[in-house]
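Each chain is listed here by its residues.
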Amino acid sequence: DLSYAVAKLRSLSPASSPRSLLRTILQAHRGISASLLKSTGDTAASAVGADDVLPTLILAVLRARPPDLLMTLRFVEVFAPSALLRGEAGYAYTNLCGAVHFVERLDVEGHMAEVIAIDDDEGGIGRRRSVL
């Protein structure tokens, strides 16, 4: 369940301080990690890695559609003291920037054309379209 992380991402506002924004980003990141741990049934934090977190963060960003996210991230980049961008908060911020970068360059139409072409070769075009 990503509802906590999605809610945190939606609450990001460029009217907040860089420290507050980084705290909210960190809370969203921790929420994603907790959701992943819960879904795997594992209690060890090492069971969830970046290969799990980043795609889930991308999904959370797509679901949240936070207003002014690019401006908010730029605000943090420009005004946050470098000391705040170290450690876990900096890692969460960097992951969010990576997720946003991915979403910005996402070619949905091209990807869908590719998926449909693959399915057409396999005779499953109707089935795949109904899933998507």
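> Give a detailed account of the nonpolar core, specifying residues and quantitative values.
Membership of the largest hydrophobic core comes to 31 residues, with the highest contact counts inside it found for Leu9, Ile32 and Leu96. Among the secondary structure elements, those contributing two or more residues to this core are α1 (3-10), α2 (18-40), α3 (50-64), α4 (69-79) and α5 (87-104). Among the elements that line this core, the one with the most residues is α2, at eight residues. The residues contacting leucine 9, other than those within four sequence positions of it, are Ala28, Leu57, Ala60, Val61, Ala64, Pro66 and Leu96.

> Tell me about unusual backbone geometry, residues and numbers included.
Despite not being glycine, arginine 65 has its phi angle at roughly 45 degrees, a positive value. Residue classification places arginine 65 among the exposed positions, given a relative accessible area of 72%. Its identity is not glycine, yet aspartate 68 carries a phi of approximately 55 degrees, on the positive side. Take aspartate 68: it is sitting in the loop between α3 and α4.

> Before we move on, can you summarise the packing of α1 against α3 with the specific residues and values?
Between α1 and α3, the least distance of the axes is 9 Å, while the angle of their chain directions is 60 degrees. Comparing their axes, α3 and α1 come out oblique. The hand of the α1/α3 crossing is right-handed. Here Val6, Leu9 and Arg10 of α1 come into contact with α3, specifically with Leu57, Ala60, Val61, Arg63 and Ala64.

> Mind laying out the side chain of threonine 72, listing which residues take part and the relevant values?
Looking at the secondary structure, you find threonine 72 in helix α4. There is a polar contact of 2.8 Å between the side chain of threonine 72 and the backbone oxygen of aspartate 68. Not counting the four nearest positions on each side in its chain, threonine 72 is found in contact with Leu12, Ser13, Pro14, Leu21 and Pro67.

> How would you sum up a nonpolar patch on the surface? Please name residues and give values.
A surface patch of nonpolar side chains, amounting to about 340 Å² of accessible area, comprises Leu62, Phe102, Leu106 and Val108. Within the secondary structure, phenylalanine 102 sits in helix α5. On the basis of relative accessibility, which here comes to 42%, the residue phenylalanine 102 falls in the partly exposed class.

> Outline the packing of α2 against α4, listing residues and values.
Relative placement of two packed helices is described by the angle separating their axes and the distance separating the axes. Running from N to C, α2 and α4 cross one another at 125 degrees; their axes reach a closest spacing of 9 Å. As judged from the angle between their axes, α2 and α4 are oblique. In this structure, α2 meets α4 at a crossing whose hand is left-handed. Residue-level contacts link Pro18, Leu21, Leu22 and Ile25 of α2 to Thr72, Leu73, Phe75, Val76 and Phe79 of α4. Looking at the contact of α2 with α4 residue by residue, the class counts come to eight nonpolar, one polar and no charged.

> Got a sec to walk through the pattern of salt bridges? Specific residues and values, please.
Any two side chains of opposite charge can pair, given that their charged atoms come close. Evaluated as defined, the whole model comprises three salt bridges. In this structure, glutamate 88 and arginine 30 form a salt bridge, with 2.8 Å as the shortest nitrogen-oxygen distance. On the criterion of sequence distance, the pair formed by glutamate 88 in helix α5 and arginine 30 in helix α2 is long-range, its members being 58 residues apart. Judged by its relative accessible area of 45%, arginine 30 is partly exposed. The residue arginine 105 makes a salt bridge to glutamate 104 at a minimum N-O spacing of 3.0 Å. Residue classification places arginine 105 among the exposed residues on the basis of a relative accessible area of 53%. With a relative accessible area of 44%, glutamate 104 lands in the partly exposed category.

Parameters and conventions
- Residues numbered from 1 in each chain as written.
- Predicted model: local features only at pLDDT ≥ 70, side-chain atom pairs only at ≥ 80, totals over all residues.
- Heavy atoms only, no water.
- Core = buried A, V, L, I, M, F, W, Y, C linked by side-chain atoms within 4.5 Å.
- Buried < 20%, exposed > 50% of the residue type's maximum accessible area, 1.4 Å probe, protein only.
- Helix = DSSP H or I, 4+ residues; strand = E, 2+ residues; numbered from the N terminus.
- Contact = heavy atoms within 4.5 Å.
- Axes fitted to C-alpha atoms, helices over the stretch in contact; angles between N-to-C directions.
- Parallel < 35°, antiparallel > 145°, perpendicular 65-115°, else oblique.
- Left-handed = near helix turned anticlockwise from the far one by under 90°.
- Polar contact = N/O pair within 3.5 Å; in protein donor to acceptor, adjacent residues only side chain to side chain.
- Patch = residues over 30% accessible without salt bridge, like charges linked within 9 Å, V, L, I, M, F, W, Y side chains within 5 Å.
- Areas by Shrake-Rupley, 256 points an atom, 1.4 Å probe, with all protein chains shown as cover.
- Salt bridge = Lys/Arg side-chain N within 4 Å of Asp/Glu carboxyl O.
- Nonpolar A, V, L, I, M, F, W, Y, C, P; charged D, E, K, R; others polar.

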